Amino acid sequence: MLKAAARLLQRWTQATVTPEPERLDVTLDAADLVPAVAALQEARWGYLAAITGVDLGPEAGEIELLYHFCAGAAVVTLRVRTPRNQAFVPSICDSVPSASFYERELMEMLGVTVANTPNTDRLFLPDDWPQEVYPLRKDFRLEDAPLPGSDT
Amino acid sequence: MTAEREPFRIPIGPQHPSLKEPGHFEFSVDGEIVTQASLRLGYVHRGIEKGAEQRSWVQALYLLERVCGICSHVHATAYCLGVEKLAGVEAPPRAQAIRSLVAELERIHSHLLWLGVAAHEAGFDMLFMHSWRDRETVMNLLEGITGNRVNYSANLLGGVKCDIDQRLADAIRAGLDYLEERTQHYLDVVLNDALFLRRTRGIGVMSREDAERLGVVGPTARASGVARDVRVDAPYAAYRTLPVQIVTEMAGDLQARFIVRVRELFETYRLIRTLLDTLPEGELTVRIPRRIPPGEAISRVEAPRGELFYYLKSNGSDQPERIKIRTPTLPNFASVLVLTVGRQLADVPMILAGIDPCFSCNDRMVAIHDTGEGRDRRWTWEQLRQHGIEVYR
């Protein structure tokens, strides 16, 4: 399964790592994300298990996004990096409609702009949560979050 | 004359849209037919992923076990297996068997709980009361093994806390005999009860293609003919030596989801009996370092509702760098939004109950509502800890 995935993704692959026997991590450019995901979907290779956003911190200045696809025991992770101050990735909802939830989470929790995603409403955070405060960023401070039920 | 009619919107929730948990659905309807569906979560969001980054690896275990009050054990198991992978240690065989044993008992409790709630949604309250009465059997067994009815806390990093002796094994076997007989009755109800069939057969059909495309997991997927089960696809704990028979149905309707869960119970009884018969001798724990070597791990386990996915990242310290949790209900929710479109509004609660949604699982700040002062206060971990010490002194 992993070899098939490696072949499908070959055109866009910048680097690959096999951290465990049944895993394959493929580093991509954010611009190549949409065709790479579409290639996996067209070949009916597995399903999107989750999208993880990892803030690498203010010093590294980047956010890493991990798109995990599972097929049986095999897990392929597409790794994409984007600058922290202008975090931006294209939406993959055209080929994976269920990605909408994960993309809404990325937008509110990490402040990643997801271009062309069908629904930009908040999923988890309250309506009175302040703009541009992203709780899963490493420099998030609890003081920036509103008290529940308060007007601030 | 109005040229275009505004769609009529019906909000369902946030107060218990089907199960007694909060979530907000908005359905646009044309007459009785649903034309559009959207979802807003977060009413029980507790910031657990962020909270885990500020705890030690050991403390995070107790936090993560509280993601869900129904399937707490699978969360702890997924986390422990992931951390053990990062640390390069493996729990002893007896511990792995007990992990699987408690997981299967938890599956019984979860499936019986769901059967009752789903029966209640169908207006069949007798079945609700019977299945919840029978569920007490397995709750008592879980309490006997771990000392807790929920949040059993059976896991430790590197093993388990509780052992199974002869007396417990006998009690579990006796409990299973009773439950197996009762489950036979439930299977008869979901297969043959005429009134029940009118609420389940042909309702909320999800084709195999849709199930695969939407990435649904667990019994929801298996009821549409997709043989997806982490215990089989990527075996972990004791399932590596204990093959699981996947239960699937092809119909993809609500009835199929009932049949799959009830028939899965029989397989679970068989697994527990085998685990008890073949319980390996030996230690319950191995030593695990306090600082976890840097790296990333992905850990997947089969929760009662389907695949539970954990991503763990360590920076080499005694605290996790990042923990991502994807619970089975999230992909299954996506299927509800798709499945309800074009169907009767009256079927929505049943379709929603059909995936066995777990809202708390998805919603993960500590805010204490202080009625005395009439305002909300935020406490730091230290204050909260001190409060606990004072209250329980």
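Up top you'll find the structure we're talking about.
About the cut-offs
Residues numbered from 1 in each chain as written. Chains lettered and ligands numbered in written order. Predicted model: local features only at pLDDT ≥ 70, side-chain atom pairs only at ≥ 80, totals over all residues. Heavy atoms only, no water. Helix = DSSP H or I, 4+ residues; strand = E, 2+ residues; numbered from the N terminus. Rg over C-alpha atoms; globule rule 2.2 N^0.38 Å. Contact = heavy atoms within 4.5 Å. Areas by Shrake-Rupley, 256 points an atom, 1.4 Å probe, with all protein chains shown as cover. Lys, Arg positive; Asp, Glu negative; His and termini not counted. Charge placed at Lys NZ, Arg CZ, Asp CG, Glu CD. Buried area = accessible area lost by both parts, 1.4 Å probe. Salt bridge = Lys/Arg side-chain N within 4 Å of Asp/Glu carboxyl O. Polar contact = N/O pair within 3.5 Å; in protein donor to acceptor, adjacent residues only side chain to side chain. Nonpolar A, V, L, I, M, F, W, Y, C, P; charged D, E, K, R; others polar. Axes fitted to C-alpha atoms, helices over the stretch in contact; angles between N-to-C directions. Parallel < 35°, antiparallel > 145°, perpendicular 65-115°, else oblique. Left-handed = near helix turned anticlockwise from the far one by under 90°. Buried < 20%, exposed > 50% of the residue type's maximum accessible area, 1.4 Å probe, protein only.

Student: Teacher, can you tell me more about the overall build of chain A here?
Tutor: Across its full length, chain A carries three helices and seven strands. The order of α-helices and β-strands along chain A, N terminus first, is α-β-β-α-β-β-β-β-α-β. Here chain A has a C-alpha radius of gyration of 17 Å; the compact-globule value for 152 residues is 15 Å, and the two agree. Along the first, second and third principal axes, the C-alpha set of chain A runs to 55 × 30 × 25 Å. In chain A, once contacts between residues fewer than 6 apart in sequence are set aside, the share between residues at least 24 apart is 50%. Summing over all exposed atoms, chain A offers an accessible surface of approximately 6900 Å²; the carbon and sulfur share of this is 48%. Charge-centre separation for chain A: the mean point of 13 positive side chains lies 8 Å from the mean point of 22 negative side chains.

Student: Is there a simple way to think about the interface of chain B and chain A in this case?
Tutor: Listed as interface residues are 42 residues of chain B and, on the opposing side, 47 residues of chain A. Of the roughly 3600 Å² buried between chain B and chain A on both sides combined, carbon and sulfur atoms contribute 55%. Where chain B touches chain A, the interface holds six salt bridges. Note that E212(B) and R44(A) form a salt bridge whose closest N and O atoms lie 3.4 Å from each other. Run the count over chain B and chain A and you get 15 residue pairs in polar contact (both at pLDDT 80 or more). Top contributing element to the side of chain B that touches chain A by residue count: helix 12 (residues 329-339) of chain B, with five residues. Residues of the side of chain B that touches chain A, tallied by class, amount to 16 nonpolar, four polar and 22 charged.

Student: Help me out: how do you make sense of the packing of helix 4 (residues 93-121) of chain B against helix 5 (residues 125-146) of chain B in this one?
Tutor: Geometrically, a packed helix pair is captured by the angle between its two axes and the distance between the axes. All names here are of chain B. Where helix 4 meets helix 5, the axes come as close as 8 Å, and the angle between the chain directions of the two elements is 160°. With respect to helix 5, the element helix 4 is oriented roughly antiparallel. Crossing of helix 4 over helix 5 shows left-handed handedness. Where helix 4 approaches helix 5, its residues V102, L105, I108, H109, L112, L113, L115, G116, V117, A119 and H120 are matched on the opposing element by D125, L127, F128, S131, W132, D134, R135, V138, M139, L141, L142 and I145. Partitioned by chemical class, the residues of the contact of helix 4 with helix 5 number 16 nonpolar, four polar and three charged.

Student: I would appreciate a short explanation of the pattern of salt bridges in the present structure.
Tutor: Any two side chains of opposite charge can pair, given that their charged atoms come close. Inspection of every chain in the model, using the stated rule, returns 39 salt bridges over all chains. R290(B) serves as the salt-bridge partner of D318(B), at 3.1 Å between the closest nitrogen and oxygen. With D318(B) in the loop between strand 7 (306-314) and strand 8 (320-326) and R290(B) in the loop between helix 11 (254-277) and strand 6 (295-303), this residue pair connects regions lying 28 residues apart in the sequence. We classify R290(B) as exposed; its relative accessible area is 57%. The structure contains a network of salt bridges with shared partners spanning E20(A), R23(A), D25(A), E62(A), E64(A), R79(A), R81(A), K85(B) and E296(B).

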